[in-house]
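Take a look at the letters that make up each chain.
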Amino acid sequence: MDVEVRDADAALLAALSADPPDAVFPLLHGAAGEDGAIRDVLELVGLPYVGATPGACRVAWDKPTAKAVVRAAGLLTPDSVALPKEIFHDLGAAAVLDRIVARLGLPLFVKPTRGGSALGAGPVREAAELPAAMVGCFAYGDTALIERFISGTEIAVSVIEEENGPQPLPPVEIVPAGGRYDYAARYEAGSTELIIPARLPLSTAATVAEAATTAHRALGLRDLSRTDLIVDASGTVHFLEVNVAPGMTETSLLPIALTAAHRDLGTVSRDLLARAVSRETTRSNP
Ligand SMILES: Nc1ncnc2c1ncn2[C@@H]1O[C@H](COP(=O)(O)OP(=O)(O)OP(=O)(O)O)[C@@H](O)[C@H]1O
Ligand SMILES: [Mg+2]
């Protein structure tokens, strides 16, 4: 199989039309890769691609929307409120924040509704910390998601779709050295320990695996996804978010889970590309 790596830059469309590939594997992590836009462009060009459709990406990318969908599918996700910057401006920040604390309690966790890599995200232990957390959040997005803080073990479950449907990979337990899985803990070598499979009782391991496949199906995702969860001290599983373009570097969670499952990233990628091509063939010759 011939593979070419291309950046999403001004040369991309010309290259795709001059020498159209059989399929594209979008590997952009973060907004560009997850908000559906790049897949919209691939649809415009008429090329098959690996992964979820633009519409499904948009739903998954917007955390409050994704939470509502998975909650309707039976998963637990922290109680929350999502409010745009203007509401605080128009109604008075202090009054709105008081209501939030009164309703959701403390501690809280604040993050942009659309974002990644924990940027603009942080815990709030006391009401006095909330205004600063909101300012930090609004530096990265226009709408804030304020959730109940869940303490427990962070788990990521990747899902790969195969002939027999979405298959969960072994759960990865994330243990940041500094206790917080923030931006530095994600990208500085050695600052986070990943334990695979996660040290969970068998029944909890089954629950997190099922939660990830439920999220994948309920959100109408395709080919691959990674669901981020927290398991609290009582073993209850809380859905945080799902990623339609999970990190794919050699230290990222999905590739590490594949290795633990004795699967080869190259072979899995080839199979996903083949699925994308055959979807397209079915569509053009129904
Ligand atoms: N309700 C919560 N309670 C406790 N910690 C939380 C909560 N929500 C998020 N976190 C922490 O913040 C991190 C980032 O949150 P989340 O995974 O929702 O957003 P993200 O920035 O999109 O992440 P990613 O880089 O995985 O795309 C989580 O990995 C977790 O450590
Ligand atoms: Mg996450």
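Residues numbered from 1 in each chain as written. Chains lettered and ligands numbered in written order. Predicted model: local features only at pLDDT ≥ 70, side-chain atom pairs only at ≥ 80, totals over all residues. Heavy atoms only, no water.

A. The overall build of the chain, seen in detail. Helix and strand counts for the chain come out as 12 helices and 10 strands. Since a compact globule built from 286 residues should have a radius of gyration of about 19 Å, the 20 Å found for the chain is in line with a globular shape. Classification of the 286 residues of the chain by burial places 45% in the buried group. Nonlocal contacts in the chain, meaning residues at least 24 apart in sequence, comprise 62% of its contacts between residues at least 6 apart. In the structure as shown, the chain presents an accessible area of about 14,300 Å², 55% of it carried by carbon and sulfur atoms. (Helix = DSSP H or I, 4+ residues; strand = E, 2+ residues; numbered from the N terminus. Rg over C-alpha atoms; globule rule 2.2 N^0.38 Å. Buried < 20%, exposed > 50% of the residue type's maximum accessible area, 1.4 Å probe, protein only. Contact = heavy atoms within 4.5 Å. Areas by Shrake-Rupley, 256 points an atom, 1.4 Å probe, with all protein chains shown as cover.)

B. Quick look at the side chain of Thr204. Looking at the secondary structure, you find Thr204 in helix α10 (residues 202–218). When near neighbours in sequence (up to four residues on either side) are disregarded, Thr204 contacts Val231, Gly235 and Val237.

C. Summary view of the pattern of salt bridges. Under the criterion given, the structure shown has 15 salt bridges. Ionic pairing is found between Glu161 and Arg275, a salt bridge with its closest N-O pair at 3.4 Å. With Glu161 in strand β5 (residues 152–162) and Arg275 in helix α12 (residues 265–284), this residue pair connects regions lying 114 residues apart in the sequence. Given a relative accessible area of 15%, Glu161 falls into the buried group. Classification of Arg275 by relative accessible area gives partly exposed; the value is 24%. Residue Arg226 pairs with Asp228 through a salt bridge whose shortest N-O separation is 2.9 Å. As far as burial versus exposure is concerned, Arg226 and Asp228 are alike and both buried. Several salt bridges share partner residues, and in doing so they unite Glu161, Asp223, Arg275 and Arg279 into one network. (Salt bridge = Lys/Arg side-chain N within 4 Å of Asp/Glu carboxyl O.)

D. Structural detail: the pairing of β5. Examined bridge by bridge, β5 and strand β9 (residues 224–232) share 9 bridges and lie antiparallel to one another. In the strand pairing of β9, Gly152 is matched with Asp232. Across 3 bridges, the pairing between β5 and strand β7 (residues 172–176) is antiparallel. Residue Ile155 lies in a different strand from β7, and its bridge partner there is Glu173. Here β5 pairs with strand β6 (residues 165–168) via 4 bridges, running antiparallel. Its bridge partner lying in β6, Glu161 is registered against Pro166. Hairpin remark: β5 followed by β6, antiparallel, with 2 residues in the connecting loop. (Pairing = 2+ DSSP bridges.)

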